[in-house]
Amino acid sequence: MLRLLARGSGHHGLTEIADSLGLARGTAHGILRTLQRVEFVEQDQTTGRYRLGAALLHLGTSYLDANELRSRSINWADTLAARSGQEVRIGMHHDGAVLVVHHVFRPDDSVQTLGIGAMLPLHATALGKVLLAYDPDLSAAARRRELTSLTRRTITRTQMLERVLTEVRGQGWAGEAEEYMPGEASIAAPIRIPGGLVIGAIGISGAADRLCDSAGRPRATLVRQVVQAAESVTTSLVDEN
């Protein structure tokens, strides 16, 4: 049941859960009530639909530390940089921000600064939006704080951020254009551990006119490359465990 809740949009109704698992509705409801009591599952009071709870999500983030995530992702990050021609970052949540645990330079001769250890804002970066989208407790904490304006495009209204996070969960990746830095854009996708819990994100960043089309949308080819890299890291984590 937890694996089912970790897939897709992450929001599932009782009938859908019961039918997918071949259970009677009463049986499925009883299991869900048990999981709710230990905070492994939460129920949306408005829609009645179920999702993974904060306790289980936080248990998942302790599964890998920063060094382990970096070591298990490094090969895929190098491949993504070579394919996309952009710099690659791998990040995880730490102390209300995105901690960059690995950084691969763009494969060109331009001057670049190593970003390992940098702390990036959750609400204004693609990496951060991925982490917020799949952690209800983290996104709730973000809503309680003021969303700092970094550029004229930065999302500063919580309702707008929630709409964006819903889109991220639906499409399986996040993007931003000039929300963190003028002229820069980024695309990211979730890294999961066995069971489907999101414990980090991998993404690319670079000039907005290279990552986005004329309408400011992330280029489909680059989105596919990022998603494939995230899926490859996830597969390697599952295979090792």
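Residues numbered from 1 in each chain as written. Predicted model: local features only at pLDDT ≥ 70, side-chain atom pairs only at ≥ 80, totals over all residues. Heavy atoms only, no water.

The name given to the protein in an unreviewed UniProt entry is IclR family transcriptional regulator, and the organism recorded there is Lentzea cavernae.

A.B. asks: Could you give me a rundown of unusual backbone geometry, with the residues and numbers involved?
C.D. replies: Positioned with a positive phi, Asp-95 is a non-glycine residue whose angle comes to about 55°. Looking at where Asp-95 falls in the secondary structure, it is placed in the loop between strand 3 (87-94) and strand 4 (97-104). The backbone of Glu-178 shows a phi angle near 60°, a positive value even though the residue is not glycine. Its place among the elements puts Glu-178 in the loop between strand 6 (174-177) and strand 7 (184-192). (Helix = DSSP H or I, 4+ residues; strand = E, 2+ residues; numbered from the N terminus.)

A.B. asks: Now, about the pairing of strand 4: what can you tell me, with residues and values included?
C.D. replies: With 8 of 8 residues buried, strand 4 is to be regarded as a mostly interior element. Note that strand 3 and strand 4 share 7 bridges and pair antiparallel. When the sheet's bridge partners are listed, His-93 is paired in strand 4 with Val-98. A loop of 2 residues connects strand 3 with strand 4, the two strands running antiparallel in sequence, and Asp-95 in this loop sits at a positive phi of about 55°. In this structure, strand 4 lies alongside strand 5 (residues 119-120), joined through 2 bridges in antiparallel fashion. Of the residues in strand 5, the one forming a bridge with Leu-99 is Met-119. (Buried < 20%, exposed > 50% of the residue type's maximum accessible area, 1.4 Å probe, protein only. Pairing = 2+ DSSP bridges.)

A.B. asks: Residue-level account of the packing of aromatic side chains, with values.
C.D. replies: Two numbers describe a pair of aromatic rings. These are the distance of the centres and the angle of the planes. Scanning all chains against the criterion turns up 0 aromatic pairs. Taking NZ or CZ as reference, Arg-192 lies 4.9 Å from the ring centre of Tyr-134, over its face. (Phe/Tyr/Trp six-rings, centres within 6.5 Å; stacked < 30°, edge-to-face > 60°. Lys NZ or Arg CZ within 6 Å of the ring centre and 35° of its normal.)

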